[in-house]
Every structure is written in structure tokens, then in C-alpha cells.
Amino acid sequence: MLIDNHNRKINYLRLAVTDRCNLRCNYCMPSEGIDFVKNDKLLTISELTQVSKILVEQGIDKIRITGGEPFVRKDLMVLLRELSKMKGLEDISVTTNATLIGPHIDELKRLGIKNINVSLDSINRKTFEKITRRKQFDTVHNNLIKLITEGFNVRINFIVLDGQNEQDILPILDVMKHHNVSVRFLEEMPFNGGSKNFSMIKWNYRAILEHIAKQYPKYKKLESPETSTSINYKITGHVGTFGIIPSFSRTFCGSCNRLRVTATGDVVTCLYGKPKTNLRNIIREADSSENIKKAILQAVGSRAKTGFDAQNEHAATVFDSSMTSIGG
């Protein structure tokens, strides 16, 4: 079992398989993109499998596959097949922009991978294309409908962007009210490759809830697991639910159970902090398993207590990163 230096149990791994993405969302990276790492700097599928196995042995029982966009990696399904065989791993889930998942939906279902988070920041074509800088609206829409129809546990992640998509907050709830889907609204975070600086946001979790409550006053707060990052609600008459994630306000740090490993092997114990160690070089040395275990234990044993503490450790540089490069 992994216990950090603040007595928090760590059982959830967010594992990035690539830093590449086929969209260019304006809150994630500059319009010209970022310098993606060379392939030899990425963990191979074999290395990702080995890291996952070691972490499962140390007490991780949930792994979420992230990117970049994970399905950009053409050998992703090889990794998912290996993960589906691991004893002790109870939950495998994927976060995706739903542009490339279509051909893999049937196999995901066969492997028992049912929890899919879809990043979708607008249900309006024009707004979607403005935010993502790509014309993929129909593909995303069609794949989302297929995931819902096929019975996947779908969560829609909607980042509320001031002056861009706040007009879609209520319509997306209206569209999804007949489906067993959770729409989760996230506060904007500052990891955009340095393209925008801000110390506060207009659409914090309170403002989002107040906006929804004006249209849907009949809602109730739901009980959520202690480690949940989202505050969850149900509107009377809606089949699905909605949640709000205070990703910038960081109200959930006290129960954080997450560890991140980036596509290049960085171990990140908080999005607002810098990597604690890198596993790539360790794993490419002989007899690496024990050294990996030690490195992970050391990283987990030196976590910041909150995201604000982590930010203060590296205030000058932490926000220079792009979300796609840190497995967000």
C-alpha cells in the first residue's frame, strides 16, 4: 500500500501514454503547438506495462489512461490488453477527446473497459472548432453517441472558458438530461504552454453552480466518495448528473489519492508541482524493478500537502507547462 507523508492512501494512477494530441485546444497549448518529445524519450508499451505492474503491486487499483490524446498512440490497445490481465487492478479507464476512439469501441467493451471520460467543451460546432482549432465536431459527436448507446459509463469533461463557451453550460445539460451521463464542469487551469497568465478566474466552482441553479433550481447535492475531485449534483427530472471540479480552487487536496506518470516517465505527485523523479532512465537500467519501487516510494513520501504548497515550490516555472505534456 502506498501512503504519502500526509497519511493519504494512494491507489489511483493517471498514466499518460503520449504527449501528442490531434487537437490544438487554446486553453492547453499555443496555436503553433508545442515541441513534442521524440519517440525514444517516451516509455515503450513494455515499459508502461512494467511500471503499471509494479504500481499495482504497491497498491494501485485504478489506472486511468491519458495523454495528450491516448488514441494517437497506435499501439495503445496492446497496453490496454496487458492491463486487463493484471490481478489487483480493479478499474481501467480512459480520458479521450473522442476523435480516434471509434474503431476501438468494440474491443474496449470486450476488455471490460467501460469508464470513458470525453473532453468536450462545446456542443456548438462553431464554438467547438474555435476552441480546438480543428474540424472534428461530427466525429466527436458520433463517437460520443456510440459510447452512450453501447452502455459505457461516460463522463463529459467541460472546461468553462470565460468569453468562449459559458453559453453552452445550460444547453449541454439540457441535451444530456435524457442520458445516463455525468457532465462535469471544470475550472480553467493555467497549464497552457505559457500562452495565457492568470491569478484568478471568473468561472470558479461557485459561479458555475450559481449559473446552473438559476435555470435548474430543483437540484440536490449527491454523496460522493471521499477521494472524489468533483462535487456532484442531480437535477430533478434528469436521468444523468452533473459535477463541478474545483481544479483551480483546489478544495479537494486533503483527500487526494492520485499519482501521475507522464509519457516520458516523470512521476508527478501534484499537477501544480514539478516532477519528483523520472522512471525512464531507471527502467532502462539492469535490475530496475527494485529501483523503480524505491523511486516511487520516495516520490510519494515527499508530496506537497496541497496544490498551493506545490505551486509555491516552483512558482516561477510550473505554469510554463502545457496540459498535454503533463498528463492532464
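Residues numbered from 1 in each chain as written. Predicted model: local features only at pLDDT ≥ 70, side-chain atom pairs only at ≥ 80, totals over all residues. Heavy atoms only, no water.

Engineer: Would you explain the overall build of the chain in this entry?
Structural biologist: Scanning the chain from terminus to terminus reveals ten helices and 14 strands. In terms of overall dimensions, the chain has a C-alpha envelope of 60 × 45 × 40 Å along the principal axes. Out of the 328 residues in the chain, the part that is buried amounts to 55%. In the chain, 73% of the contacts between residues at least 6 apart in sequence involve partners at least 24 apart. Looking at the chain as shown, the accessible area adds up to about 14,900 Å², and 48% of this sits on carbon and sulfur atoms. Distance between charge centres in the chain, computed from 47 positive and 35 negative side chains, equals 3 Å. (Helix = DSSP H or I, 4+ residues; strand = E, 2+ residues; numbered from the N terminus. Buried < 20%, exposed > 50% of the residue type's maximum accessible area, 1.4 Å probe, protein only. Contact = heavy atoms within 4.5 Å. Areas by Shrake-Rupley, 256 points an atom, 1.4 Å probe, with all protein chains shown as cover. Lys, Arg positive; Asp, Glu negative; His and termini not counted. Charge placed at Lys NZ, Arg CZ, Asp CG, Glu CD.)

Engineer: Mind showing me how you'd approach unusual backbone geometry here?
Structural biologist: Backbone phi values are negative for most residues with the exception of glycine, while trans is the configuration of most peptide bonds. In this chain, Gly67 is followed by Gly68 through a cis amide linkage whose omega measures 15°. For Gly68, the location among the structural elements is in the loop between β4 (62–66) and α2 (76–83). Of note in this structure, Arg250 is not a glycine but carries a positive phi near 60°. Structurally, Arg250 is set in the loop between β11 (241–245) and β12 (258–261). Residue class for Arg250 comes out buried when judged on its relative accessible area of 8%.

Engineer: How should I be thinking about the packing of aromatic side chains in this particular structure?
Structural biologist: Describing an aromatic ring pair means giving the distance of the ring centres and the angle of the ring planes. Applying the stated criterion across every chain yields a total of four aromatic pairs. A ring pair is formed by Tyr233 and Phe242, whose centres lie 5.1 Å apart and whose planes are at 20°; its orientation type is stacked. Comparing Tyr233 with Phe242 shows no difference in burial state: the two are buried. An aromatic cluster is defined as three or more aromatic residues linked by ring pairs; in this entry it consists of Tyr219, Tyr233 and Phe242. A cation over a ring is seen here: Arg250 above Tyr272, with NZ or CZ 3.6 Å from the ring centre. The ring of Phe308 carries the charged tip of Arg250 above its face, separated from the ring centre by 4.0 Å. (Phe/Tyr/Trp six-rings, centres within 6.5 Å; stacked < 30°, edge-to-face > 60°. Lys NZ or Arg CZ within 6 Å of the ring centre and 35° of its normal.)

Engineer: What is the right way to look at empty space enclosed by the protein in this model?
Structural biologist: Any empty space left between atoms is shown by rolling a water-sized probe over those atoms. The full count for this structure, using the stated rule, is two cavities of 30 Å³ or more. Roughly 60 Å³ of volume is contained in the largest cavity. Forming the boundary of the largest cavity are Leu173, Met176, Lys177, Val181, Val183, Ile235, His238, Gly240, Thr241 and Phe242. When its residues are assigned to classes, the lining of the largest cavity shows six nonpolar, three polar and one charged. (1 Å grid on protein atoms, 1.4 Å probe; cavity = no way out; pocket = protein on both sides within 12 Å on 5 of 7 lines; lining within 4 Å. Points joined across faces, edges and corners; volume = space filled by probe spheres on them. Nonpolar A, V, L, I, M, F, W, Y, C, P; charged D, E, K, R; others polar.)

Engineer: Explain the side chain of Asn143 here, please?
Structural biologist: Along the chain, the position of Asn143 falls in helix α5 (residues 137–149). From its side chain, Asn143 meets the backbone oxygen of Ala98 in a polar contact 2.8 Å long. (Polar contact = N/O pair within 3.5 Å; in protein donor to acceptor, adjacent residues only side chain to side chain.)

Engineer: Would you mind showing me how to read the environment of Gly243 here?
Structural biologist: Considering the arrangement of structural elements, one finds Gly243 in strand β11. Take Gly243: its relative accessible area is 0%, and that puts it in the buried class. Along the backbone, Gly243 and Ile145 are 98 residues apart, and their C-alpha atoms lie at a distance of 20 Å. Excluding residues that lie within four positions of it along the chain, Gly243 makes contacts with Val183, Arg184, Phe185, Ile231 and Asn232.

Engineer: I would appreciate a short explanation of helix α1 (residues 45–57) in the present structure.
Structural biologist: Helical geometry note: an α-helix holds 3.6 residues per turn, so side chains three or four residues apart project in the same direction. Helix length check: α1, at 13 residues, gives a terminal C-alpha distance of 18 Å against a target of 18 Å (1.5 Å per residue), a fit within 8%. Turning to α1, its buried residues are Ile45, Glu47, Leu48, Thr49, Val51, Ser52, Ile54, Leu55 and Val56. Note on α1: the residue one or two positions beyond its end, Gly59, has a positive phi of about 120°. (Expected span 1.5 Å × (residues − 1).)

Engineer: Can you walk me through the nonpolar core in this structure?
Structural biologist: Membership of the largest hydrophobic core comes to 73 residues, with the highest contact counts inside it found for Ile65 and Phe185. Setting aside residues no more than four positions away along its own chain, Phe185 makes contact with Phe158, Val160, Ile169, Ile172, Leu173, Ile208, Ile212, Phe242, Gly243, Ile244 and Ile245. Membership of the second largest hydrophobic core comes to twelve residues, among which are Cys21, Cys28, Ile131 and Ile245. (Core = buried A, V, L, I, M, F, W, Y, C linked by side-chain atoms within 4.5 Å.)

Engineer: Please clarify how the pairing of β4 should be interpreted in this entry.
Structural biologist: Every regular strand shows the same layout, with side chains that alternate between the two sheet faces. Burial runs high along β4: four of the five residues are buried. Judged from the five bridges that link them, strand β3 (residues 12–16) and β4 form a sheet pairing that is parallel. Of the residues in β4, the one forming a bridge with Leu13 is Ile63. The β-α-β motif built from β3, the intervening α1 and the parallel element β4 has right-handed crossover chirality. Sheet topology places β4 next to strand β5 (residues 91–96); four bridges connect them, and they run parallel. Within β5, the position partnered with Lys62 by the bridge is Asp91. (Pairing = 2+ DSSP bridges. Right-handed = clockwise from strand over helix to strand, strands pointing away.)

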